[in-house]
Each structure stands twice: as C-alpha cells, then as structure tokens.
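# Descriptive structure summary
Given next are the chains, with one letter for each unit.
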Amino acid sequence: MATAWRSLGASVTLLVRDQALLTGWEPCAGEEVTRGLSDLGVTIRFGVSAVRVARDVGTRTVTVDTDDGTTLVCDEVLAAARATR
C-alpha cells in the first residue's frame, strides 16, 4: 500500500518495529524492498512503534506518538499486523 499511496503523491512513512523488512525471508529480499521503497520516496523508520494514535475532531488530522519520543501528524493512518504462532 505504501507504493500505491506514494504513486498518488502522498507522503508515506512506515514505522517498522523490527530492524528490517521481511524478516522471515532471506535478508536480501528485505534489503531490496527497503531500497525500492526508499527510491520511491517512502520514509522508513526501523525500530519504532506507535504508542498512541488520536484524531483531532476539529482538524481531522491524526497524531501518532512513537516510542522514540517523536510525533507524526498525518491525514490518515494505515495499520498492518502480522499474526504470530
């Protein structure tokens, strides 16, 4: 979805809890996907998790507080989760 939104002109930031993408695959797969997304202009922040998300009812913006102390102000948030066994 990051590539789709980015191709429509949106600024996209991925928060990735792990230190790499596609950690269940060969490392080169995650490295290539990271490189491709970065080349498209997607910002990828590794080792960062959202700890609080809130929408302002007046402005409709979404504020995302992260565990590294930064705050992102966005129009929308798309969350993805991986099931664990």
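Residues numbered from 1 in each chain as written. Predicted model: local features only at pLDDT ≥ 70, side-chain atom pairs only at ≥ 80, totals over all residues. Heavy atoms only, no water.

## Quick look at the pairing of strand 5 (residues 71-74)
As paired elements, strand 4 (residues 62-66) and strand 5 share four bridges and run antiparallel to each other. The residue bridging Asp65 from the neighbouring strand is Thr71, located in strand 5. Between the antiparallel neighbours strand 4 and strand 5 lie four residues, among them Gly69 with a positive phi of about 90°. (Pairing = 2+ DSSP bridges. Helix = DSSP H or I, 4+ residues; strand = E, 2+ residues; numbered from the N terminus.)

## Here's the deal with a nonpolar patch on the surface
A surface patch of nonpolar side chains, amounting to about 530 Å² of accessible area, comprises Met1, Trp5, Leu8 and Leu78. Its place among the elements puts Trp5 in helix 1 (residues 2-7). A relative accessible area of 46% means that Trp5 is categorised as partly exposed. (Patch = residues over 30% accessible without salt bridge, like charges linked within 9 Å, V, L, I, M, F, W, Y side chains within 5 Å. Areas by Shrake-Rupley, 256 points an atom, 1.4 Å probe, with all protein chains shown as cover. Salt bridge = Lys/Arg side-chain N within 4 Å of Asp/Glu carboxyl O. Buried < 20%, exposed > 50% of the residue type's maximum accessible area, 1.4 Å probe, protein only.)

## A few points about unusual backbone geometry
Despite not being glycine, Leu22 shows a phi value in the positive range, around 55°. When you line up the elements, Leu22 lands in the loop between strand 1 (13-16) and helix 2 (27-40). A relative accessible area of 38% places Leu22 in the partly exposed class. Here Arg60, not a glycine, exhibits a phi torsion of approximately 70°, which is positive. With respect to the secondary-structure elements, Arg60 resides in the loop between strand 3 (50-55) and strand 4. The partly exposed category is assigned to Arg60, whose relative accessible area is 48%.

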